[in-house]
Amino acid sequence: KLFFCFPDPHFKTKNHRRRIVNRNSLSEFAFVLQPGGFLYVITDVKELHEWHMLHINAHPLFERLSDEEEKADKCFQLIFESSEEASKVSRNEGQKYGAVFRRLTREQFLAKQAT
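Below or above, wherever it landed, is the structure these notes cover.

How each quantity is defined
Residues numbered from 1 in each chain as written. Predicted model: local features only at pLDDT ≥ 70, side-chain atom pairs only at ≥ 80, totals over all residues. Heavy atoms only, no water. Salt bridge = Lys/Arg side-chain N within 4 Å of Asp/Glu carboxyl O. Helix = DSSP H or I, 4+ residues; strand = E, 2+ residues; numbered from the N terminus. Buried < 20%, exposed > 50% of the residue type's maximum accessible area, 1.4 Å probe, protein only. Pairing = 2+ DSSP bridges. Axes fitted to C-alpha atoms, helices over the stretch in contact; angles between N-to-C directions. Contact = heavy atoms within 4.5 Å.

Some points on the pattern of salt bridges
All told, the structure shown has 6 salt bridges when counted by the stated rule. Note that arginine 19 is salt-bridged to glutamate 47, the shortest N-O span being 3.4 Å. Of this pair, arginine 19 sits in the loop between strand 1 (2-5) and helix 1 (23-32) while glutamate 47 is found in helix 2 (residues 46-58), placing the two residues 28 residues apart along the sequence. Linking arginine 102 and glutamate 69 is a salt bridge whose minimum nitrogen-to-oxygen distance equals 2.8 Å. Linking arginine 102 in strand 4 (residues 97-103) with glutamate 69 in helix 3 (residues 67-72), this pair joins segments that are 33 residues apart in sequence. Glutamate 69 sits in the partly exposed class, given a relative accessible area of 34%. Taken together, the shared-partner salt bridges in this structure form one network comprising Glu63, Glu69 and Arg102.

This is how it looks when you write it as structure tokens:
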């Protein structure tokens with residue numbers, strides 16, 4: 001499992017390459033994660049959440065869990081309240097945006113490529 005909880009959003013366009021989730025880093029995360037492993041992301045910045053969704057959904061070795069699978073995942077539930085940053089966002093009545101992605105097996109990857 002890999003967790004990216006409230007990473008620095010690097011708002012300036014010239015610094016987007018420094019974001020923890022990007023095309024290159026996702027390939028490294030896929031290499032490190034065993035097939036079936038999970039990648040968790042949570043942020044309080046909607047723009048960064050959209051960035052995460054765009055890049056992770058575009059990567060061929062990751063697929064997002066269904067809403068039902070996310071709700072059943074205890075780690076997914078915990079990342080919304082377990083960190084100091086999550087508590088701060090809650091105190092300030094801010095929004096939190098999270099998602100969980102599964103590292104695909106070779107067979108799943110090939111099937112996804114065939115469609």
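The rest of the description comes next.
A word on unusual backbone geometry
Backbone geometry places phenylalanine 6, a non-glycine residue, at a positive phi of 55°. Considering the arrangement of structural elements, one finds phenylalanine 6 in the loop between strand 1 and helix 1. Backbone geometry at histidine 10 places phi at a positive 45°, although glycine is not the residue there. Classification of histidine 10 by relative accessible area gives partly exposed; the value is 22%.

A short note on the pairing of strand 4
Of all 7 residues that make up strand 4, 6 are buried, and the element is covered over most of its length. When strand 2 (residues 38-43) meets strand 4, the two strands line up antiparallel, connected through 6 bridges. Counted as the bridge partner of threonine 43 is tyrosine 97 from strand 4. Where strand 3 (residues 62-64) lies against strand 4, 3 bridges are found, and the strand directions are antiparallel. From the neighbouring strand, arginine 64 faces strand 4, where its bridge partner is phenylalanine 101.

Examining the sheet that holds strand 2
With respect to topology, 4 strands assemble into an open sheet ordered 1-2-4-3, the strand pairing being mixed. The sheet is open, and its two borders are formed by strand 1 and strand 3, each paired with just one other strand. Going from strand to strand, the sheet's axes swing by 20° on average, the running direction of each strand aside. Set on the sheet, helix 2 makes contact with strand 2, strand 3 and strand 4; between it and strand 4 the angle comes to about 15°.

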